[in-house]
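Descriptive structure summary
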Amino acid sequence: MTSEGWGTPPVEPISQHYIVCGGNALAHRLTLELVEHYEVPVVVLVPDRTRDHAPQIEQLDGVAAVVEYAGVTEEALRAVRVETARGIALVEGRDQENIHAALSAQGHNPDIRIVLRMFNQRLGENIERLLRNGTALSGSATAAPAFAAAALSRPNSVQVGDRFLHIAYDDDIDSHRICVVADRIDRQDLGRTRLLPEQEGDSASFVRLAREFGDDGPIRSGAAARRAAGAEGAAGTTGSGDGAGDRAGDGDTGRESAREPAPEAAEAVESAEAVESAEVAADRAAEAEAEADTAAREVAGAAAEGRGGVAALQTLPSEPPVRIAWWRRLRWRLLDTLRFFTSARLRLVLITALAAVLLAFGLLWYLNRDFGWSLYVSLLDLAGAAQPDQPADAAAGTGTGGTWQRIAQVVITFCGITFAPVATAIMVEVLASGRRGQPRNPGAGTRDHVIVIGLGNVGTRVVAQLHGLGVPVVGLERDPQARGISAVRALGVPVVVDDGPLAEQLRRARLKRSRAVVAVSGDDATNLEAALEARAVRPDVRVVVRLFDDNFAHHVYATLDNAASRSTSYLSAPAFAAALMGREVLGTLSVFRHVLLIAELRAEVGSGLIGLNRHDLEDPGGVRVLAVRLARSPQVYHWNYADRTRGLEPGDRVVVAATRSGLARLNTVPGNAGGGRATAEQQSDR
């Protein structure tokens, strides 16, 4: 499907450009990332310029051309001049289609950089071996941890070496803090949030002291300064009388006598020193109290001025655990297993029979006062091996011992008879009727679970993430043909499949017993509707909404408490852009609607990083150096590397936290053969 000006190559020949294939939200964000932060020419290949995000992509400034083809065919690749392109990103279509397109692009241009979106990560790893210069990424796998962490109200973490990095806010910030990553956080106006703001170095307080006292000093404590001021005030008050001039004239004599105190005054001096020490201690306590009051006033002033909250990057030796008691997890597992193998009617029969057996056993134990004998008789009765009493035994008094005992044994025997057909029915239902092929509805025992609405790529990943953490999950999907239903079903997770009213579906998913609702369908309106419906039924439930539109997200944060919003394309697009430039992004961390990238850069010849030091990397802004791996010891992470003036050498690796623009700046640093000399000159200027 082509049209004039859309199915043909650009009018002017283009080279050294990047190609984005797709018209979805990820293609939109990726194109915006490339033209705004990397400032490279981009040609976009869309399947239909009137649908999805293609009209918005067409309006982006910096896009060299938009070409329309129904698929990524040989003709389409020639139309976007793949033979002269530097890179191509395949972010739409099925895995098989993207693999075919990647191999075709490599056939046209063996040196082209290829990044393809793959849902099947295992297959993606194998495909990377077939590509000379390619990377397979999963947008849903990149974004799913952020959704799962938001649902559990726990920090999302990225593993770097043997540590886990996560974002902490305000009172949760502790001594493991690496750096401040955001300030001025205001839920009512997230646009005020600053990522990686300028922060003072460790020597900032000493610099302020030097500026305050100058080169000659003196540096005096606050108590000494106040005593000196008090003495001057007292002298001024005393000297205001008639004899002021005489006392002023005797100043020299007073100083001489002060230098030679009388022996009888020694005791008085010692007493005065003791009093002065007590005064100093009191002054220090007053200073501490005054500083605490000042800090409190500053916090209150910051809140009054609307400076907002603060977020910091922290390290942990292990990933933050999900705080769920072991006995609750065991109960959920047992209930899930019971619901999987039995239907509601079979469970009712089994529970009733088991309760009757336990009551009959208790009666036998009460009548005979012998636990071992009662258990022995009960097991025999269950197996159908009971020996009934004869009338002669009852008359002679040699029977089992009374009417109630006989009734108990009869009950146990009949219940034992029912167990065999029930077990047969379970086996027939599981094996013969193919129960594993049917989605299960949540049972009455489902509680404290997370409801995931929308079982597409992202929803399936979120369900798998939560299930792996041991958290009970319920899936909800309107489309019975959705690809995620079978994957979720294989995990043994209950699924509600219905295209009826959303309120009814949420009721079947046991919303009133849930802990959170995660709406991750592909439509913003549907996700927002799900969040509002959930809040209408249960106002205190936590809601996590997948939203592409930033205005929608700002309204969610401004109007709903205990809510979070994430964008799959916003979380994954920076990783795709960095991969297209040949950089490795270890993970993404969310600061509300903002994204912080954790990336590892390698200093190689021609990369432009050789010779740069921490000042060169951080001073322009948008980047914080977290750790350095030296070429001579690549297995060791040097966290908060102290030598800020050492330039990177070939083979060194540096782990950074960066904004999107900050990482783009590092990816576009021009190669500098004299990098080491330039850095030395910059250091001499400093």
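Structural data are supplied above this passage.
The text that follows walks through the structure, step by step, so that each part is easy to find. (Residues numbered from 1 in each chain as written. Predicted model: local features only at pLDDT ≥ 70, side-chain atom pairs only at ≥ 80, totals over all residues. Heavy atoms only, no water.)

A count of helices and strands for the protein chain gives 25 helices and 22 strands. For the protein chain, restricting intrachain contacts to residue pairs at least 6 apart in sequence, the fraction spanning at least 24 positions comes to 69%. (Helix = DSSP H or I, 4+ residues; strand = E, 2+ residues; numbered from the N terminus. Contact = heavy atoms within 4.5 Å.)

Let us look at the nonpolar core. The nonpolar side chains of a soluble globular protein tend to be buried, and buried together. Core analysis: the largest hydrophobic core is formed by 101 residues, its most contacted members being Leu-34, Tyr-38, Leu-313, Val-450, Ile-598, Leu-626 and Val-656. Looking at which element gives the most residues to this core, the answer is helix α22 (residues 568–580), with eight residues. With residues near it in sequence (within four places) discarded, Leu-626 still touches Leu-165, Ile-178, Cys-179, Leu-313, Ile-598, His-638, Trp-639, Asn-640, Val-655, Val-656 and Ala-657. Counting residues in hydrophobic clusters, the runner-up holds 27 residues, among them Leu-45, Val-80, Ile-88 and Ile-112. (Core = buried A, V, L, I, M, F, W, Y, C linked by side-chain atoms within 4.5 Å. Buried < 20%, exposed > 50% of the residue type's maximum accessible area, 1.4 Å probe, protein only.)

The next thing to look at is the packing of helix α1 (residues 25–38) against helix α24 (residues 660–667). Put simply, α1 and α24 touch, their axes get as near as 9 Å, and they point 65 degrees apart. Considering the angle they form, α1 stands roughly perpendicular to α24. The element α1 and its partner α24 pack so that their crossing is right-handed. Each of Glu-33, His-37 and Tyr-38 in α1 lies in contact with α24, whose residues at this interface are Arg-660, Ser-661, Leu-663, Ala-664 and Asn-667. Taken together, the residues of the contact of α1 with α24 break down into three nonpolar, three polar and two charged. (Axes fitted to C-alpha atoms, helices over the stretch in contact; angles between N-to-C directions. Parallel < 35°, antiparallel > 145°, perpendicular 65-115°, else oblique. Left-handed = near helix turned anticlockwise from the far one by under 90°. Nonpolar A, V, L, I, M, F, W, Y, C, P; charged D, E, K, R; others polar.)

Another point: the sheet that holds strand β10 (residues 194–195). Think of a sheet as strands paired side by side through backbone hydrogen bonds, with each pair either parallel or antiparallel. Strand order in the open sheet formed by five strands is β7-β8-β11-β9-β10, and the pairing between neighbours is antiparallel. Bordering the open sheet on either side are β7 (157–160) and β10, each of which pairs with just one other strand. Pairing between strand β9 (residues 177–185) and strand β11 (residues 309–316): five bridges, direction antiparallel. Counted as the bridge partner of Cys-179 is Leu-313 from β11. (Pairing = 2+ DSSP bridges.)

A word on the packing of aromatic side chains. Taken as a whole and assessed by the stated rule, the structure comprises five aromatic pairs. Relative to Phe-592, the ring of Tyr-169 lies with its centre 5.6 Å away and its plane at 65 degrees, an arrangement referred to as edge-to-face. Placement of Tyr-169 in strand β8 (residues 163–169) and of Phe-592 in the loop between β18 (584–591) and β19 (594–602) is noted, with a sequence separation of 423 residues between them. Between Trp-365 and Phe-371 the ring centres are 5.0 Å apart and the planes differ by 70 degrees, which places this aromatic pair in the edge-to-face class. Judged by relative accessible area, Trp-365 falls into the partly exposed class, the value being 41%. (Phe/Tyr/Trp six-rings, centres within 6.5 Å; stacked < 30°, edge-to-face > 60°.)

Turning our attention to the pairing of strand β12 (residues 450–453). Alternating positions in β12 separate into two faces, Val-450 and Val-452 on one and Ile-451 and Ile-453 on the other, with burial throughout. The pairing of β12 with strand β13 (residues 473–477) spans four bridges and is classified as parallel. By the bridge assignment for β13, Ile-451 is matched with Val-474. Handedness of the β12-helix α17 (residues 457–468)-β13 crossover: right-handed. Where β12 meets strand β15 (residues 516–519), four bridges bridge the pair, whose relative direction is parallel. Note that in β15 the partner of Val-452 across the bridge is Val-518. (Right-handed = clockwise from strand over helix to strand, strands pointing away.)

Let us now look at the environment of Gly-22. If you trace the backbone, Gly-22 turns up in the loop between β1 (18–21) and α1. Taking the C-alpha atoms as reference points, Gly-22 and Val-46, 24 residues apart in sequence, are found 4.9 Å from one another. Excluding residues within four positions of it along the chain, Gly-22 makes contact with Ala-27, Val-44, Leu-45, Val-46, Pro-47, Ile-57, Val-91 and Glu-92.

This next bit is on the packing of helix α6 (residues 139–151) against α17. Relative to each other, α6 and α17 sit at 55 degrees, their axes nearing to 8 Å. Taken together, α6 and α17 sit at an angle that is classed as oblique. In this structure, α6 meets α17 at a crossing whose hand is right-handed. In contact with Ser-140, Ala-141, Ala-144, Pro-145, Phe-147 and Ala-148 of α6, α17 contributes Asn-457, Val-458, Arg-461, Val-462, Gln-465 and Leu-466.

All right, on to the pattern of salt bridges then. Tallied over the full model, the rule gives 14 salt bridges. Between Glu-125 and Arg-122 there is a salt bridge; the shortest N-O distance is 3.3 Å. Placement of the pair is Glu-125 and Arg-122 together in helix α5 (residues 121–130), with a separation of three residues, close to one helical turn. Glu-125 sits in the partly exposed class, given a relative accessible area of 41%. Measuring nitrogen to oxygen at the nearest pair gives 3.1 Å for the salt bridge that ties Asp-652 to Arg-646. Each member of the pair, Asp-652 together with Arg-646, is buried. Each of Arg-614, Glu-618 and Arg-644 takes part in a single network of salt bridges with overlapping partners. (Salt bridge = Lys/Arg side-chain N within 4 Å of Asp/Glu carboxyl O.)

Strands sit in the order β3-β2-β1-β4-β5-β6 across an open sheet of six strands; the sheet is parallel. Each having just a single partner strand, β3 (63–68) and β6 (134–137) make up the two edges of the open sheet. When strand polarity is set aside, the average angle formed by the axes of neighbouring strands in this sheet is 15 degrees. Both strand β4 (residues 87–90) and strand β5 (residues 113–117) contribute to a ladder of four bridges, which runs parallel. When the sheet's bridge partners are listed, Ile-88 is paired in β5 with Ile-114.

Counting buried positions over the eight residues of β11 gives six, a clear majority of the element. Inspection of the sheet shows β8 paired to β11 by six bridges, in the antiparallel sense. Paired with Ile-167 across the bridge in β11 is Leu-313.

With that settled, the discussion passes to a nonpolar patch on the surface. A cluster of nonpolar residues, Tyr-366, Leu-367, Trp-404, Ile-407 and Val-411, forms a patch on the protein surface that exposes about 520 Å² of accessible area. Looking at the nonpolar patch, the elements with two or more residues in it are α13 (344–368) and α16 (403–432). Element by element, the count of residues in the nonpolar patch is highest for α16, at three residues. (Patch = residues over 30% accessible without salt bridge, like charges linked within 9 Å, V, L, I, M, F, W, Y side chains within 5 Å. Areas by Shrake-Rupley, 256 points an atom, 1.4 Å probe, with all protein chains shown as cover.)

Tracing the sequence through the fold places Thr-193 in the loop between β9 and β10. Of the residues examined, Thr-193 reaches a relative accessible area of 10% and is grouped as buried. Apart from the residues lying within four places of it in its own chain, the contact partners of Thr-193 are Ala-182, Asp-183, Arg-184, Ile-185, Asp-186 and His-594.

Below, the discussion takes up unusual backbone geometry. In this structure, Arg-510 is a non-glycine residue whose phi angle is positive, near 60 degrees. Note on placement: Arg-510 falls in the loop between α19 (502–508) and β15.

As a further point, take the environment of His-449. Tracing the chain through its elements places His-449 in the loop between α16 and β12. With 62 residues separating them along the chain, His-449 and Leu-511 place their C-alpha atoms 8.8 Å apart. The residues touching His-449, leaving out its near neighbours within four places in the chain, are Pro-472, Val-473, Val-474, Ala-509, Arg-510, Arg-513, Ser-514, Arg-515 and Ala-516. A distance of 3.3 Å separates the side chain of His-449 from the backbone oxygen of Arg-510, its partner in a polar contact. (Polar contact = N/O pair within 3.5 Å; in protein donor to acceptor, adjacent residues only side chain to side chain.)

Geometry only, nothing functional implied.
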